[in-house]
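Coordinate analysis (summary)
So you can see what is in the structure, the chains are spelled out below.
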Amino acid sequence: MADEYDREREVKEFDESRIGVKGLSDSGIKTIPQMFIQPPEKISGVASAADCVGIPVIDLSDVHLLDKRAAIVEKIRDAARNWGFFQVVNHSVPLSVLDEIIGAIKAFHEQPQAAKAEYYARDEHGGVTFSSNHDLFRSEAATWHDYISVWLSPAAVAPPADRIPAMYRRELAAWDHHAAEVGDTVAGLLSEGLGLDPKRMKELSLLETRIFGGMFYPYCPQPDLTVGLSDHTDPGVLTILLPNQVWGLQVLHGGKWVDVKPLPGALIFNIGDFLQIVSSSEYKSVQHRVLANSHKKPRVSIVHWFDVGNWGDSDEYGPLSELITPEKPAQYRRFTKQEYVENFYSKGLDSKSLVEKLKL
């Protein structure tokens, strides 16, 4: 009789090895460990909808021209309402900054394991982390990626500069500077799309927390049995994605999975659950996932998460009062920081669990 499968033991041994999925891929394995095999419903429908042209593309080249800005606001509002995702071009971030941060993160992940091991940790609440699957011990099945995370703001959770690996320290500082600026620009346009002052999100500290992610998706020998990242919605306010040119991201639209074709030099934005709630569903967070990488070339994706800051334990957030009218009553109740944090860290990556929990 075959030994009964012990998932807890396999997960623990994998985590303690500190090799990540890149180590597994580099070892030349032909079959993936059982802990990575996804339930059938998680890997169904991987083919993209053939009749869909892809997520909207927004050109920001005229964003500071008053006679052109209103049209850009309308396009972003429509994209945030109907797709929850959009690509931004002519955003003013130098191409050299984009190329250098992707190159630096790729180089970090491709180091010998011993060079990365000192950063391997499961601290999800601050500092610098290198690991595989942030929800490894909470999820039903692991996914085929490794990642770096760095908490950049507020200062209380940001690491000292010398704690950030020298291999990407300079590149991260440059990227964060520009990402914060373009994030502020897009948040202003989204605010105007709600009929609010462009600085309203910043005034509410909705962009105060910034977390950097450096995702690495190595070759997977059985991409039909797992995923690179399971389907989910982002819990925070706003996310910027900067992938290299290896495809893999899919967005759920109209009940179908749609491939996202990354345009060279473009930035991808998506709406988080928090923004759906405070906008009273004017904007939508949308399920997305990353397919397991079937290419020999690794997929690298830079992520910048924006989230609420200056949040006291007794403070509450909910739909903005300016958006609530007798004709459009609040769709969600107010909630505390404890509810928000516990909802994310008590389970594996999932979709809209906070949105559903708070719905009136």
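Whatever comes next refers back to the structure up there.
Here we summarise the structure given alongside this text. All figures in this text were calculated on a predicted structure; none of them were measured in a lab. (Residues numbered from 1 in each chain as written. Predicted model: local features only at pLDDT ≥ 70, side-chain atom pairs only at ≥ 80, totals over all residues. Heavy atoms only, no water.)

Our focus in this paragraph is the overall build of the chain. The helix and strand tally for the chain stands at 10 helices and 14 strands. Radius of gyration (C-alpha) of the chain: 20 Å, near the 21 Å computed for a compact globule of 360 residues. Dimensions along the principal axes, computed over C-alpha positions, put the chain at roughly 65 × 45 × 45 Å. When contacts within the chain are restricted to residue pairs at least 6 apart in sequence, those whose partners lie at least 24 apart make up 78%. With an accessible surface of roughly 16100 Å², the chain has 53% of that area assigned to carbon and sulfur atoms. (Helix = DSSP H or I, 4+ residues; strand = E, 2+ residues; numbered from the N terminus. Rg over C-alpha atoms; globule rule 2.2 N^0.38 Å. Contact = heavy atoms within 4.5 Å. Areas by Shrake-Rupley, 256 points an atom, 1.4 Å probe, with all protein chains shown as cover.)

For the rest of this paragraph, the subject is the side chain of serine 280. Relative to the helices and strands, serine 280 resides in the loop between α8 (273–278) and β11 (288–291). Here serine 280 falls in the buried class, since its relative accessible area comes to 8%. When near neighbours in sequence (up to four residues on either side) are disregarded, serine 280 contacts Pro319, Ile324, Pro329, Ala330, Gln331 and Tyr332. (Buried < 20%, exposed > 50% of the residue type's maximum accessible area, 1.4 Å probe, protein only.)

On to the packing of aromatic side chains. If you walk through the whole model with that rule in mind, you get 15 aromatic pairs. Consider the rings of tryptophan 311 and tyrosine 317, whose centres lie 5.1 Å apart with planes at 85 degrees: the pair is edge-to-face. Here phenylalanine 335 and tyrosine 340 contribute two aromatic rings whose centre-to-centre distance is 6.3 Å and whose plane-to-plane angle is 50 degrees, an arrangement assigned as tilted. Of the residues examined, tyrosine 340 reaches a relative accessible area of 9% and is grouped as buried. Connected via pairs of aromatic rings, a cluster forms that spans Phe108, Tyr119, Tyr120, Phe130 and Tyr168. Here arginine 289 stacks its cationic end above the ring of tryptophan 257, 4.0 Å away from the centre of that ring. The aromatic ring of tyrosine 219 is capped on one face by lysine 296, whose charged end is 3.8 Å from the ring centroid. (Phe/Tyr/Trp six-rings, centres within 6.5 Å; stacked < 30°, edge-to-face > 60°. Lys NZ or Arg CZ within 6 Å of the ring centre and 35° of its normal.)

It is worth spelling out unusual backbone geometry at this point. In the segment running from serine 153 into proline 154, the intervening peptide bond is cis, with an omega of 5 degrees. Residues other than glycine seldom take positive phi values, yet arginine 18 does so here, at roughly 60 degrees. Position of arginine 18 among the secondary structure elements: in the loop between α1 (7–17) and α2 (20–26). Located in the positive-phi region is serine 280, a residue other than glycine, with phi close to 55 degrees.

Looking now at the sheet that holds strand β6 (residues 227–232). Pairing in this open sheet of 4 strands is antiparallel, and the strands run β6-β11-β8-β9 from one edge to the other. Every interior strand has two partners, whereas the edge strands, β6 and β9 (256–259), have only one. With direction set aside, neighbouring strand axes in the sheet form an average angle of 30 degrees. Here 3 bridges tie strand β8 (residues 249–253) to β11, and the two strands are oriented antiparallel to one another. Opposite leucine 249, over in β11, you have valine 290 as the bridge partner. (Pairing = 2+ DSSP bridges. Axes fitted to C-alpha atoms, helices over the stretch in contact; angles between N-to-C directions.)

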